[in-house]
Amino acid sequence: MDKKTQKYDRQLRLWHAHGQAALEQAKVCLLNGSAVGTETLKNLILPGIGSFTVVDGKPVAGSDVGNNFFLTVDCIGQSRAKCVTEMLRELNEEVAGYHVEEDPVDLVENKPDFFLQYSIIIATQLPESALLKLADICWDANIPLVVVRTYGFLAYARIVVPEHTIIETHPEQLLDLRFDVPFPALLEFAQSFDFEKTDSMAFSHIPYVVILLRCLEAWKKRHDGKLPSNRDERNQYKQSIRAMQRNDLPDAENFDEAYAAAHRAWTETKVPSPIRQMLDDAKADAITPKTPNFWIIARAVRDFVANEGRGLLPLAGAVPDMKSDTESYVKLQTLYRTKAREDCNLVRNRVTSLLASIDKPADAITTDEIERFCKFSSHLKVIRYRSLREEYTLNTARSHNIGQWLQDLDSEIIYYVLLRAVDAFYETHKRYPGFHNEEVETDIGLLKKCVTALLAEWQITSATVSDDHIHEMVRAGASEIHTVAALHGGVVSQEIIKLITSQYVPMDNTVVFNTIKSTSSVFVL
């Protein structure tokens, strides 16, 4: 085992070598070296992103030292971007770290092309007007933007990207055994077992897949090729499994497994409706040189299903653990894997033809990527996020949903409304409510007006925000608490890793975390 594999061994088990390669190619940009920003970046540097850049034009203040683990008293007065970058670089010598001593707002306004060099942007402590402009820049360039903030005991995160496709969603189970439509080699293997002459020891090690197939084939012969379709028939089928069991078995675990998995035998193998909808997506229709690999393979799989697949997706090729002798289990695994390879080769041929049609070489999409797509074809996922501009524009905002969510007094949506209100407060007063102690009482009334105006703009008349909530936001004064930042940074970094590796399913699209009650909610806004 080389040093790199040894170093990243645990995470390689989660997202494998190709996921790690994607992570190591990532160029991450953090806007403002805040507590939550640096905590998020910390959890990306440790697993080995390619590089990071901290953009911050502010000097280190005493309050920064109090809540940011990556700053010390000696840093006060120095560039915050420089100081946090130096500290963060010490976490992993294989990750390159850079800093830019400029106000992110100025870059958004005057140098929008600056952001196009990065693969993902993390934005913290940005005013609403600058954030919306940045979101537009990233949206047009198809660069994921992750908005992160903590506000007292509250935390918030929002993912903004037009589309995110996931091949490896990592389902709990990847079962595609096809009892109802067995391929010839599988059927031949099942028929090779002599249930009458096999001794008791060997009989107790017949794989449950074989038992279910034999029982199902016998059932179909008696019922014109039809599967058990109602409760009585299914009970009869299950009883046929028990009837096949011998009384002299030293262990009947294989028959217990067959009985427990009987429902898989009468479950029809078909393309799941979400996958069918995805394969029929317009993006898989007109293939161009700009079409992402995901949609090229999706088109190839769609054509495979309509032709060689005879209405079925490529076989996954995975076989679950079961009671069996080693020889039979290995043969069973080999059968499924061989069939999966055959299906994958047919899909690969179609991918090659599609690539040739747009003047791209056959190796433009790797065999590994095609194999992963085929293996997880029944669990693919496409998330199309709403833009931040849609969320903030009155005629496209989901104000009706917000009004409904507000009816639940325990819903975290109240804190989303309050965060929007404090941003509106900032746009007017160029400071956050409660930031200066001498203005706390005045700010309570001003923030209340912002909340009322926001609800009126959304035409929400059936919900109110209590004075206790207003007071809590003013009391927080836009402060960051290190423990909240550390916890939230860990959560957000995992979502960013999902985006970078295109593995596992990231949130859609907003999370609000209330650390007072240790509760969180995800909202599609």
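Each remark here, short or long, concerns the structure printed above.
In every chain, residue numbers begin from 1 and rise along the written sequence. This being a predicted model, a pLDDT of at least 70 is required before a residue's local features are given, and a value of 80 or more before pairs of side-chain atoms are given or counted; all residues contribute to the totals for chains, interfaces and linings. Heavy atoms from the whole structure form the basis of all side-chain values; hydrogens and water molecules are not counted.

A. A look at the side chain of Thr-501. Within the fold, Thr-501 resides in helix H23 (residues 482-501). Burial classes: relative accessible area under 20% of the type maximum marks a residue as buried, over 50% as exposed, and values in between as partly exposed (1.4 Å probe, protein chains only). Using a relative accessible area of 9% as the deciding quantity, one classes Thr-501 as buried. A polar contact is formed between the side chain of Thr-501 and the backbone oxygen of Ile-497, at a distance of 2.8 Å. The contact rule is simple, with two residues in contact once any of their heavy atoms fall within 4.5 Å. Setting aside anything within four residues of it in sequence, one finds Thr-501 in contact with Trp-15, Gly-19, Ala-22 and Leu-23. Think of it this way: any DSSP run of H or I at least four residues long counts as a helix, any run of E at least two long counts as a strand, and we number them from the N terminus. Any pair of N or O atoms that falls within 3.5 Å is considered a polar contact. Within protein, one atom must be able to donate a hydrogen and the other to accept it, and sequence-neighbouring residues count only if both atoms are side-chain atoms.

B. Region of the structure containing the environment of Lys-220. Among the structural elements, Lys-220 can be located in helix H10 (residues 208-222). Look past the residues within four positions of Lys-220 in its chain and what remains in contact with it is Asp-180, Pro-182, Gly-225, Lys-226 and Leu-227.

C. Region of interest: the nonpolar core. Note on terminology: a nonpolar core comprises buried Ala, Val, Leu, Ile, Met, Phe, Trp, Tyr and Cys residues joined through side-chain atoms within 4.5 Å. Counting 58 residues, the largest nonpolar core has Ile-121 and Leu-134 as its most contacted members. At 10 residues, helix H20 (residues 413-429) tops the list of elements feeding residues into this core. With near-sequence residues (within four places) excluded, Ile-121 lies in contact with Cys-29, Leu-31, Phe-115, Leu-134, Cys-138, Ile-143, Pro-144, Leu-145 and Val-146. Among the nonpolar cores identified, the runner-up in size contains 40 residues, and Leu-30, Ile-122, Ile-383 and Ala-485 belong to it.

D. Just the packing of aromatic side chains, in detail. Two aromatic rings from Phe, Tyr or Trp, using only the six-membered ring of Trp, form a pair when their centres are within 6.5 Å; if the ring planes differ by under 30 degrees the pair is stacked, by over 60 it is edge-to-face, and anything between is tilted. Taken as a whole, this structure holds 15 aromatic pairs when the rule is applied. Relative to Phe-115, the ring of Phe-114 has its centre 5.3 Å away and its plane inclined at 85°; by these criteria the two rings are edge-to-face. For the pair Phe-114 and Phe-115, one class covers both residues: buried. With a centroid separation of 6.1 Å and 80° between ring planes, the pair formed by Tyr-237 and Trp-266 is classed as edge-to-face. Here the residue Tyr-237 occupies a position in helix H11 (residues 231-244), and Trp-266 occupies one in helix H13 (residues 262-266), the gap between them amounting to 29 residues. Taken together, Phe-114, Phe-115 and Tyr-118 form an aromatic cluster joined through their ring pairs. Sitting over the ring of Phe-203, Arg-246 keeps its end group 4.2 Å from the ring centre. The rule for a charge over a ring is simple: NZ of Lys or CZ of Arg within 6 Å of the ring centre, and within 35 degrees of the ring normal. Seen from the ring of Tyr-392, Arg-420 lies directly overhead, with NZ or CZ sitting 3.8 Å from the centre.

No statement about biological role is implied by the geometric values presented.
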